[in-house]
Structure formats: C-alpha cells, structure tokens
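Topology and contacts: notes
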Amino acid sequence: MPGSPVPHRTPVKGLFNVGDASYPRGFAGSMGAATSAVLVWDDLRTAV
Ligand SMILES: Cc1cc2nc3c(=O)[nH]c(=O)nc-3n(C[C@H](O)[C@H](O)[C@H](O)COP(=O)(O)OP(=O)(O)OC[C@H]3O[C@@H](n4cnc5c(N)ncnc54)[C@H](O)[C@@H]3O)c2cc1C
C-alpha cells in the first residue's frame, strides 16, 4: 500500500520482501519495486 511499505528484511533468514510493497520511503511504483530489489541484492552481496 503506498505510504506504508513493509521492510525488505524479514525475521526469516534468507527470506526478503521485494516489490512495490517494500520500497524505501521516497520511492513509488516500479522504481520503488526495483529499488527494493537493489536493497535485497546489497544484503545478499554483503552476506557472502
Ligand atoms: C493502472 C496502473 C498504472 C501504473 N502506472 C505506473 C507508472 O506509470 N509508473 C510506475 O512507476 N508505476 C506504475 N504503476 C505501478 C507499477 O505497476 C507497480 O509498482 C509495479 O508493477 C510493481 O511491481 P511488483 O513486481 O512489485 O508487483 P506486480 O507487477 O504486481 O507483480 C506481482 C506478480 O505476482 C503475481 N502474483 C500475485 N500473487 C501470486 C501468488 N499467490 N502466486 C504467484 N504469483 C502471484 C501477480 O500475478 C503479478 O504478476 C501502475 C500501476 C497500475 C495498477
């Protein structure tokens, strides 16, 4: 829902939220969805 996104991180190891429900504040729509994927990628990249 716009304006109340959920975090891309979840309490479950290896499980992430990606898409337009989990974009950072300041984003919206498809750019927000893509940005949430970048955040997950950053987490995965630093985890290995
Ligand atoms: C009319 C309209 C106009 C828009 N115009 C713009 C615009 O001009 N610019 C912009 O940036 N954004 C726009 N948006 C928003 C943009 O479309 C979304 O932010 C973007 O598509 C979100 O991408 P997503 O991958 O998070 O989700 P989605 O694109 O919604 O993809 C989710 C996918 O998951 C599938 N799915 C759902 N439940 C399940 C399930 N249980 N099992 C398997 N698959 C499932 C769905 O079928 C869907 O294919 C618009 C949205 C709408 C509705």
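The structure presented is a predicted model; accordingly, all values stated were derived computationally and were not measured. (Residues numbered from 1 in each chain as written. Predicted model: local features only at pLDDT ≥ 70, side-chain atom pairs only at ≥ 80, totals over all residues.)

1. Description of the overall build of the chain
Going by this rule: In DSSP terms, a helix is any run of H or I states spanning at least four residues, a strand is any run of E spanning at least two, and both are numbered starting from the N terminus. Any residue whose C-beta has 12 or fewer other C-beta atoms within 10 Å is treated as exposed, any with 20 or more as buried, and any in between as partly exposed, C-beta atoms being built from the backbone. For every residue pair, C-beta atoms are placed from the backbone, and the pair is scored as a contact if these atoms sit within 7 Å.
If you tally the helices and strands in the chain, you get one helix and zero strands. A principal-axis box enclosing the C-alpha atoms of the chain has dimensions of 30 × 20 × 10 Å. The buried share of the chain, reckoned over its 48 residues, is 10%. Considering only residue pairs separated by 6 or more positions, the chain has 14% of its internal contacts joining residues 24 or more positions apart.

2. Quick notes on the site of the ligand
To be explicit about the condition: A residue counts as near a molecule or strand when its C-beta atom, positioned from the backbone, falls within 6 Å of it. Ten residues, namely Ala, Val, Leu, Ile, Met, Phe, Trp, Tyr, Cys and Pro, are considered nonpolar, four, namely Asp, Glu, Lys and Arg, are considered charged, and the remaining ones, Gly among them, are considered polar.
Lining the immediate surroundings of the ligand are G19, D20, G29, S30, M31 and A33. Residue classes in the shell around the ligand are distributed as two nonpolar, three polar and one charged.

3. Observations regarding the environment of T46
Assignment of secondary structure puts T46 in helix α1 (residues 29-47). Sequence separation between T46 and F16 is 30 residues, and the spatial gap between their C-alpha atoms is 15 Å.

4. What about the environment of Y23?
With respect to the helices and strands, the residue Y23 is situated in the segment before α1. Its 25 C-beta neighbours within 10 Å are what place Y23 among the buried residues. Taking the C-alpha atoms as reference points, Y23 and V6, separated by 17 residues in sequence, lie 7.6 Å from one another. Beyond its immediate chain neighbours, meaning those up to four positions away, Y23 contacts P5, G32, A33, T35 and S36.

5. Structural notes on the environment of L15
Mapped onto the elements, L15 comes out in the segment before α1. When the 8 C-beta atoms within 10 Å are taken as the criterion, L15 is described as exposed. Considering only alpha carbons, one finds L15 and A28, 13 residues apart in sequence, at a separation of 22 Å.

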